[in-house]
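# Observations on the model geometry
What follows is the residue order along each chain.
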Amino acid sequence: MMAVLRSRASWAALWIVVLAAATAALVADRGTLDKAHVTVVYFIIVTGASATGGRTLGFVVSALAFLAFDFFFLPPFNTLVVRDPRDWIVLAGFGVAAFLTGQLFHQVRKEAAESKRRSDELAAVAAERANLLERSHEAEQEAAAARAKDEVLASLSHDIRTPITAIRALAHDLAQGGDDRALGIEEEADRLSRLAGNVLDLSRLEAGAMRLDVQPNEVEDLVGAALHQLAAAQPTCKVDVVLDSRHPLLFVQADFSQTLRVLVNLLDNAARHAPAGTPIELAVARDGDRVTFRVSDRGPGLPEAVQRRLFEPYARGDAAGTSGTGLGLSIAHRLAAAQGGALTWVPRDGGGTTFLLRLPVAEVHETKE
Amino acid sequence: MRLRSFPWVRQDLVLIVDDEVQIRRAVRRALEGTGHGVVECDGGEEAVELNAAQHPALIILDLGLPDVPGIEVCRRLRAQGAGAILVLSARHDDAEKVALLDAGADDYVTKPFSTVELQARVRALLRRARRDDPTETTLVLGNVTLDFAKPLATLGGETVHLTKTEWALVRTLAAHLGRTLTHKQLWTAVWGYAHGDAAQHLRVHVRALRRKLEADAVRPALLVTEPGVGYRLEKPS
């Protein structure tokens, strides 16, 4: 801005000096000059001032030239009086021509500036478009890479199940023949299958590509199904269930199977860490627009090293994923978040750990027959 | 819906359909000692032909067949009037299980399954196929008795009042005792159509039934949830 002002002031000073110098030169030879000569010289100066200094300078130089023309070159000299009425025509013609010249230059400069601005804008838009195209191309490449990765993992997870089924069947035959190593083969085959499935699910969760069937599901149904699955995995485990007596009909907005998976994971973890003979507790309560499932045990609690990386993949510690793949809790954590909920933990009063699974409540009202 | 019972079905025959020879071998070995004859094939078209020609009591059908999609084979077998269909699937998503059951499969086992699990499913399906419609008689499930003729329900000898919808629901489940019915199959059987809140209605009525018939509604032993798929009525062991 300052540079522009300095530039305009310089042009103004220059053209005023030129006007003064030209006037002095013309005055010195006033007797031999015609009014037309003066008019041409002044017109050139006004044009130059308008072209270089803008409309304001053009007007100022026009006004000065007008006055100088009248004062020095129209009789009687050295006064602003105009004796001959025809000189008024000359003077008015000069004034109008000078004004129009200033205006014209201003218009041309304005249009040039506008044209440059548009051109700059177009260049900016073109650059932005090129940038967007590049980013879009990169995003497409990333998406294609993610799809390819997902397909490979899905294919691996799918294809690995058939040979594992055959391995399990062979292990069963070995067990029938009295080979007690067969159980180990079956367990490891299962673990391999779970690992493949978990890696696929973790990959989908991290890419936001996990398909979830989120709909109102009844809490008691979820709890019953979780206890049913836990009983199959840990038949001797005792679970104390505390439901929310204030809300006998309680629904969560969640995917049934995946929420069940999280609950079974938490219950199974708790069962593994609870000392023999101590029950684990599953308490469910509505808290505003959330339903909280609390799974508590009287185990040794979480070591500090485990706490920091509890929900990170492969962060296996004493409390890591129950599936033996080191992915159980990290998948549970992401599944909770993917359903608009959260999975957290707190140390339990009196010893042990409490995991809290929070999910959005679904408002459902009992129908009367 | 009623149990399918076709007089031409050969109760002593099982058809195994899988393109993986190791899986066919594993299934065949699992069936040894059950007294059933076994026929095998590795494609969907051949499975449909074999079913039409030999009428096996049970078809163990792999979903990943090279010639025809497994779910299509399932539909065609069901349209032929097949016996029980047990599907073997390497996929674990609920939507596929629901689609299979809706297409006429009676049960499914996901890979990798254990021999013991497969044997249990096969026994249950063959037993079910031979049984009369339990809703024509009085059904005893542990300490619950359901007399569909009167109708009268008792728990530990005490009469339990069931609403009209609850009777329709328990009757549908009892007619397919031990078999998982999808939410859609239950809606259609009980309500005749699926309205906007059908799933929620179903869950509310299942909850009410459990509170009336189960010894502990939080640990249901009779009315079991198949996660993401539906419900089944089980006879306590």
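Residues numbered from 1 in each chain as written. Chains lettered and ligands numbered in written order. Predicted model: local features only at pLDDT ≥ 70, side-chain atom pairs only at ≥ 80, totals over all residues.

## Quick word on the environment of isoleucine 44 of chain A
Checked against the element boundaries, isoleucine 44 of chain A lands in helix H2 (residues 35–73). Along the backbone, isoleucine 44 of chain A and alanine 98 of chain A are 54 residues apart, and their C-alpha atoms lie at a distance of 9.4 Å. (Helix = DSSP H or I, 4+ residues; strand = E, 2+ residues; numbered from the N terminus.)

## Observations regarding the interface of chain B and chain A
Contacts between the two partners involve 32 residues from chain B and, on the opposite side, 34 residues from chain A. Every element with two or more residues in the side of chain B that touches chain A is listed here: helix H1 (21–31), helix H6 (164–175), helix H8 (198–213) and strand S11 (223–226) of chain B. Considered class by class, the residues forming the side of chain B that touches chain A number 13 nonpolar, 10 polar and nine charged. (Contact = placed C-beta atoms within 7 Å. Nonpolar A, V, L, I, M, F, W, Y, C, P; charged D, E, K, R; others polar.)

## Topic: the domain arrangement of chain B
Residue and element names in this part refer to chain B. The domain architecture assigned to chain B consists of domain 1 (10–130) and domain 2 (134–233). Each of domain 1 and domain 2 has a C-alpha centre, and the two are 27 Å apart. On the side of domain 2, nine residues touch domain 1, which itself brings nine residues to the contact. Taken together, the elements giving at least two residues each to the side of domain 1 that touches domain 2 come down to helix H4 (94–102) and helix H5 (115–130). Among the elements that make up the side of domain 1 that touches domain 2, the one with the highest residue count is H4 (five residues). Broken down by class, the residue content of the side of domain 1 that touches domain 2 amounts to three nonpolar, no polar and six charged. (Domains from an automatic or database assignment.)

## Examining the environment of glutamine 215 of chain A
Residues and elements named next belong to chain A. With respect to the helices and strands, the residue glutamine 215 is situated in strand S1 (residues 214–218). A count of 15 C-beta atoms within 10 Å places glutamine 215 in the partly exposed class. Linking glutamine 215 and alanine 123, residues 92 residues apart in sequence, is a C-alpha distance of 49 Å. (Buried ≥ 20, exposed ≤ 12 C-beta atoms within 10 Å, placed from the backbone.)

## A word on the environment of alanine 182 of chain A
Residue and element names in this part refer to chain A. Residue placement: alanine 182 occurs in helix H5 (residues 182–206). Between the C-alpha atoms of alanine 182 and valine 125, which are 57 residues apart in sequence, the distance is 68 Å. Look past the residues within four positions of alanine 182 in its chain and what remains in contact with it is Ala171, His172, Leu174 and Ala175.

## Details of the sheet that holds strand S3 (residues 56–62) of chain B
Residues and elements named next belong to chain B. Pairing in this open sheet of five strands is parallel, and the strands run S2-S1-S3-S4-S5 from one edge to the other. Two strands close off the open sheet at either side, each with one partner strand: strand S2 (37–41) and strand S5 (107–110). For this sheet the average axis-to-axis angle between neighbouring strands, irrespective of direction, equals 20°. Where strand S4 (residues 84–89) lies against S5, four bridges are found, and the strand directions are parallel. For leucine 88, the partnering residue across the bridge sits in S5 and is valine 109. Sheet strands in contact with helix H2 (residues 44–54) are strand S1 (10–17), S2 and S3, and its direction is about 170° off that of S1. (Pairing = 2+ DSSP bridges. Axes fitted to C-alpha atoms, helices over the stretch in contact; angles between N-to-C directions.)

## Some words on unusual backbone geometry
Following proline 75 of chain A, the chain continues to proline 76 of chain A via a peptide bond in cis, the omega torsion being -5°. Along the chain, the position of proline 76 of chain A falls in the loop between H2 and helix H3 (85–159). The omega angle of the peptide bond from lysine 150 of chain B to proline 151 of chain B is -15°, so this bond is cis rather than trans. As for its position among the elements, proline 151 of chain B is in the loop between strand S7 (144–147) and strand S8 (152–155). Positive phi outside glycine occurs at asparagine 78 of chain A, with the angle close to 60°. Tracing the backbone shows asparagine 78 of chain A in the loop between H2 and H3. In this structure asparagine 78 of chain A comes out as exposed when scored by C-beta crowding, with 9 C-beta atoms within 10 Å.

## Some details on the packing of helix H4 (residues 161–176) of chain A against H5 of chain A
Residue and element names in this part refer to chain A. Relative to each other, H4 and H5 sit at 165°, their axes nearing to 8 Å. Here H4 is positioned roughly antiparallel relative to H5, judged by the angle of their axes. In this structure, H4 crosses over H5, and the sense of that crossing is left-handed. Here H4 contributes Arg161, Ile164, Ile167, Arg168, Ala171, His172, Leu174 and Ala175 to the contact with H5, which in turn contributes Ala182, Leu183, Ile185, Glu186, Ala189, Leu192 and Ser193. When grouped by side-chain class, the residues that make up the contact of H4 with H5 number 10 nonpolar, two polar and three charged. (Parallel < 35°, antiparallel > 145°, perpendicular 65-115°, else oblique. Left-handed = near helix turned anticlockwise from the far one by under 90°.)

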